[in-house]
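Chains, contacts and geometry: an overview
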Amino acid sequence: MGVIADEAFDTTLEGLEVTGGGPGSVSCKLPVTKKLQNRYGTLHGGCIATLVDVVGSAALVTLSDKGGVSLAINTLYLNPMPGGGTVVVEAKLVKLGRDVASIEVALRDDASGALVATGTHVKKLVGASDLSQFFRALEQQQQPDALKLVGSSLSSNQHTSSTMAFTMQRLNARVAAGRATPARAGRRLAVRVNAVGQKLEYLWYDGQEGTAAKGMMFNEMRSKTKCMMQPIESLNPADFPDWSYDGSSTGQAKGNNSDCIIKPVRVVPDPIRGAPHLMIMCEVLSPNGEPHPSNTRAQLAALINEKVEAEAPLFGFEQEYTMLNKGTGTVLGWPEGGYPAPQGPFYCGVGTNSVFGRPLAEAHMEACLAAGLTISGINAEVMPGQWEYQIGPVGPLALGDEVMISRWLLHRIGEDYGISCTFDPKPVKGDWNGTGAHTNYSTETMRNPGGMDAIMAAIEKLSKTHAEHISQYGTGNEQRLTGKHETCDINTFRFGVADRGSSIRIPLPVQLKGYGYLEDRRPAANVDPYTVARLLIKTTLL
């Protein structure tokens, strides 16, 4: 006998069978019939979310005499569930409050035991429910009566009002690296929502990337978590409170007046914790409310006037980075105490002999997409263990915000993989490529037919401010800009069409069309993206 009534949306789960349970828990099985499969012949993601909803609700009513409406459903997809098999669904009530309950749900392949998905279901308790009789009937081995009770209640509850948010989560790092089974990793990654609270990860940067104070080992990103008992359902930075931190512990203030203020400027979904949690990029203010000296975002914002807005500058940022083994600091994939084969097979390569660190690069890309960042691609780079991702095209302030958020995500996800990422412009001395942040730049005039004249005029202006740009294009850049390894010497300015040894490159398609954009190849990987945007706008438009 099925547990679903004969009417309404829940009939999609016809065939769901209760197999057991206990106080606060329910176990079910469901054959993965053709109508529950996606185009690839596996259990549809929407059906998985519905199972989290329905079976989670059943677990709730084993201990509560109230029904409920869904506040949030988070689903983490781990492995495909083949059609024709049977999925086992286990739901457990983990928190039961006066007005709110939280249930965890796990789905497994009955044949292999592999974890298919995990989910959390948060419900607001309202009204009365006859499902409190469900478990009593089950305890008395009155299986048919219990099934009838479940079916009648599920058909009357407001399941169709529930929504699923932020369903994309990264795969567990140990699974991707082959060091754990999906089942073990899934349990470790399950999102646990034990209240209706919301976690807000406030991000900022301390302005010391690559400086002598930190060296190349430590990055400049900082963050801390604010918990809100009442979730803020908005992505508008103005709706979130300012916060503060101890600036004396980040090198941004003296101990006798150490509070620095962090003001939200960009809010995005948190791809690591899932809904309803968010990440908030902030700018740093001094105690008097003025921009902190490290606040390069404010310097960029002050430059954007009507003239700049009329030209609508766009940027594409090619962020290169190098993966290092945690603890040893050696490049990921390099033989212990030695060197890999000479450069050549690694750029955009594939295979275990050519590419190292792909699981982290892929997980980072997924996280950026889930956060709504404008990531436009990734690729393995020339030096083994070196990767690149691209942010853009975006406007100047969005460029800085998204690059900084993406950098934080890279470091944070690297924690799960045991991999450290560095933006050191020359992580390995010798005949190896450095690590840069080539920046593609255009204005409205450049992007329209006849724009080549504007591109050439911009290059002429850039040639006259070369020293100013170089002085702010990253620490340690002199080790990278040597005239070798696809760079121009740091003391020389030159441009060329399709020339990767130039300071400014005009892509061949741009030359052929007569309009488009230019590529500034001088910035180092550890450059401040707000600074790059500010200097390019200042030199070419003001």
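As the structure is a computational prediction, the values presented were derived from the model and not from experiment. (Residues numbered from 1 in each chain as written. Predicted model: local features only at pLDDT ≥ 70, side-chain atom pairs only at ≥ 80, totals over all residues. Heavy atoms only, no water.)

**Observations concerning the overall build of the protein**
Formally: Counting from the N terminus, the helices are DSSP H or I runs at least four residues long and the strands are E runs at least two residues long. Partly exposed describes any residue whose relative accessible area lies between the buried limit of under 20% and the exposed limit of over 50%, with all areas from a 1.4 Å probe on protein chains only and scaled to the type maximum. For this analysis, residues touch if any pair of their heavy atoms sits within 4.5 Å. Areas reported here follow the Shrake-Rupley algorithm with a probe of radius 1.4 Å; residue values treat only the protein chains shown as occluding.
Across its full length, the protein carries 14 helices and 19 strands. Every one of the 542 residues in the protein was classed for burial, and the buried ones make up 54%. Within the protein, counting contacts between residues at least 6 apart in sequence, those at least 24 apart form 68% of the total. Carbon and sulfur atoms provide 52% of the accessible area of the protein, an area that totals close to 22,700 Å².

**A few points about the packing of helix α11 (residues 452-464) against helix α14 (residues 529-541)**
Axis angle and axis distance: for two packed helices, these are the angle between their axes and the distance between the axes, and together they describe the pair. Cut-off, in case you're wondering: Lines fitted to C-alpha atoms define the axes, with helix axes restricted to the stretch in contact, and inter-axis angles between N-to-C directions lie between 0 and 180 degrees. For classification purposes, an angle smaller than 35 degrees is called roughly parallel, one larger than 145 roughly antiparallel, one from 65 to 115 roughly perpendicular, and anything else oblique. Each residue gets one label: Ala, Val, Leu, Ile, Met, Phe, Trp, Tyr, Cys and Pro are nonpolar, Asp, Glu, Lys and Arg are charged, and the others, such as Gly, are polar.
Two numbers describe how α11 lies on α14: the axes approach to 8 Å, and their chain directions differ by 110 degrees. Relative to α14, the element α11 is oriented roughly perpendicular. On α14, the residues touching Ala458, Lys461 and Leu462 of α11 are Leu536, Thr539 and Thr540. In terms of residue class, the contact of α11 with α14 is made up of three nonpolar, two polar and one charged.

**A word on the pairing of strand β1 (residues 17-22)**
Note the threshold: For two strands to be treated as a pair, DSSP must find at least two bridges joining them.
Relative to strand β2 (residues 25-31), β1 runs antiparallel, the two sharing five bridges. Bridged to Gly20 within β2 is Ser27. Linking β1 back to β2 in an antiparallel pair, the connection comprises two residues, with Gly24 at a positive phi of about 85 degrees.

**Let's talk about the sheet that holds strand β10 (residues 259-269)**
Note: strands within a sheet are paired through backbone hydrogen bonds, in either parallel or antiparallel orientation. With respect to topology, five strands assemble into an open sheet ordered β8-β7-β11-β10-β9, the strand pairing being mixed. Across the chains shown, the open sheet's two edge strands, defined by having one partner strand only, are β8 (221-228) and β9 (243-246). Averaged over all pairs of adjacent strands, the angle between their axes in this sheet comes to 40 degrees, without regard to strand direction. Across four bridges, β9 lies against β10 in antiparallel orientation. Within β10, the position partnered with Tyr245 by the bridge is Cys260.

**Considering the pattern of salt bridges**
Keep this limit in mind: A side-chain nitrogen of Lys or Arg and a carboxyl oxygen of Asp or Glu constitute a salt bridge if their distance falls within 4 Å.
Inspection of every chain in the model, using the stated rule, returns 17 salt bridges. One salt bridge connects Glu220 with Arg407, and the closest N-O pair in it is separated by 3.9 Å. Highlighted residues: Glu220 in the loop between β7 (198-205) and β8 and Arg407 in helix α9 (residues 396-417), separated in sequence by 187 residues. What makes Glu220 buried here is its relative accessible area of 3%. Taking the shortest distance from any N to any O, the salt bridge between Asp270 and Arg273 comes out at 4.0 Å. Residue Asp270 is classed as buried on the basis of its relative accessible area, which comes to 3%. You can call Arg273 partly exposed: its relative accessible area is 25%. In this structure, a network of salt bridges that share partners links the residues Glu201, Asp270 and Arg273.

**Observations regarding empty space enclosed by the protein**
The probe, sized like a water molecule, is rolled over the atoms to show the empty space still left. Keep this limit in mind: Every definition here rests on a 1 Å grid over the protein atoms only: cavities are sets of points where a 1.4 Å probe fits but cannot get out, pockets are open sets enclosed by protein on both sides within 12 Å along at least five of seven lines, and lining residues have some atom within 4 Å of a point. Grid points are joined across faces, edges and corners, and a volume is the space filled by probe spheres set on the points.
Counted according to the given criterion, the structure contains four cavities of 30 Å³ or more. What the second largest cavity holds in volume is close to 40 Å³. His466, Leu481, Glu486, Thr487, Cys488, Asp489, Thr492, Ser502, Ser503, Arg521 and Arg522 together form the lining of the second largest cavity. The class makeup of the residues in the lining of the second largest cavity is two nonpolar, five polar and four charged.

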